[in-house]
Amino acid sequence: MSSNDTIKYTNAYAMQHGIVLGLFACMTLVVFKWSLTHPFFSMLFTVMLLGGPVLTVMLTRKYRSQVVAPQEPFSFATGFMHALFVGFYASVWVTLFIFVYLRYFDHGTLFVAYANSLDTPEMKAWMQQSGMEAQINLVTEGQGVQGLVAAMQRVGAATYASLALYGAFLVGPFVAILSGLLNTRRDRRF
């Protein structure tokens, strides 16, 4: 297979796998919102958040098994490229989800739930001990958590949506390196 064919097949599979990872990431965001009001979902959110890179490695392994024969080598570069593309395609779906959700469906409830989760006695004590309360008061000119939430609500949906793209550019290469390393298969012929 030529280098151009490798890139073409890698990109085609990465688009398909990006949909899978994107849907998983969107479900993770839904669980995040629920975690602000239901403690059980906090643990589930953490597991799902850590499961994203694991799913990426698994999708790259699936790509390897579908494209390369079991006795053939699979290079780090191909695994890296597939995982990187998967992350970028998934981030496009996540960006679209975040924008549509915040712009048309949420109406500020996410930020109210966040404020309520910060307003618990445990969180207040932790924020006071860690000095975070003083920092929030400094940033919000003494308005505290409510001022922080009001500032977060003023930020547009497109800004929050674009953070998914930035996250893919920052975190994606590290996940792709991990996936490339874990899926590399050397030539077994001597």
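Here goes a summary of the coordinates provided. No experiment lies behind these values; they were computed from the predicted model shown.

### Looking at the nonpolar core
Item 1. In this structure, Val94, Ile98, Leu102, Met127, Val145, Val149 and Tyr160 are the most contacted members of the largest nonpolar core, which totals 18 residues.
Item 2. Within the residue set of this core, elements represented by two or more residues are helix H3 (76-106), helix H4 (109-118), helix H7 (144-154) and helix H8 (157-183).
Item 3. Per element, the largest residue contribution to this core is 5 residues, and it comes from H4.
Item 4. Excluding residues that lie within four positions of it along the chain, leucine 102 makes contacts with His107, Leu110, Ala157 and Tyr160.
Item 5. The next biggest cluster of nonpolar side chains, apart from the first, holds 11 residues, and it includes Ala14, Phe24, Leu55 and Ala90.

### Here we look at the environment of alanine 90
Item 1. Inspection of the secondary structure puts alanine 90 in helix H3.
Item 2. Residues alanine 90 and leucine 178, spaced 88 residues apart in sequence, show a C-alpha to C-alpha distance of 17 Å.

### Description of the packing of H3 against H8
Item 1. H8 packs onto H3 with a crossing angle of 160° between their chain directions and a minimal axis gap of 8 Å. With respect to each other, H3 and H8 are oriented roughly antiparallel. Like other packed secondary-structure pairs, H3 and H8 cross with a definite hand, here right-handed.
Item 2. Counted by class, the contact of H3 with H8 contains 22 nonpolar, 8 polar and 1 charged residues.

### Comments concerning the layout of surface pockets
Item 1. As a volume, the largest pocket reaches approximately 1,100 Å³.
Item 2. Contributing to the lining of the largest pocket are 38 residues, with Ala25, Leu29, Leu49, Val94 and Ala164 lying nearest its centre.
Item 3. Breaking the lining of the largest pocket down by element, the ones donating at least two residues are helix H1 (3-35), helix H2 (39-67), H3, H4 and H8.
Item 4. A class-by-class count of the residues in the lining of the largest pocket yields 30 nonpolar, 7 polar and 1 charged.
Item 5. In this structure, the second largest pocket occupies an estimated 200 Å³ of space.
Item 6. For the second largest pocket, the full set of lining residues is Phe32, Ser35, Leu36, His38, Pro39, Ser42, Phe45, Tyr114, Ser117, Leu118 and Met123.
Item 7. Those elements giving two or more residues to the lining of the second largest pocket turn out to be H1, H2 and H4.
Item 8. For the lining of the second largest pocket, a count of residues per class yields 7 nonpolar, 4 polar and no charged.

Calculation rules
- Residues numbered from 1 in each chain as written.
- Predicted model: local features only at pLDDT ≥ 70, side-chain atom pairs only at ≥ 80, totals over all residues.
- Heavy atoms only, no water.
- Core = buried A, V, L, I, M, F, W, Y, C linked by side-chain atoms within 4.5 Å.
- Buried < 20%, exposed > 50% of the residue type's maximum accessible area, 1.4 Å probe, protein only.
- Helix = DSSP H or I, 4+ residues; strand = E, 2+ residues; numbered from the N terminus.
- Contact = heavy atoms within 4.5 Å.
- Axes fitted to C-alpha atoms, helices over the stretch in contact; angles between N-to-C directions.
- Parallel < 35°, antiparallel > 145°, perpendicular 65-115°, else oblique.
- Left-handed = near helix turned anticlockwise from the far one by under 90°.
- Nonpolar A, V, L, I, M, F, W, Y, C, P; charged D, E, K, R; others polar.
- 1 Å grid on protein atoms, 1.4 Å probe; cavity = no way out; pocket = protein on both sides within 12 Å on 5 of 7 lines; lining within 4 Å.
- Points joined across faces, edges and corners; volume = space filled by probe spheres on them.

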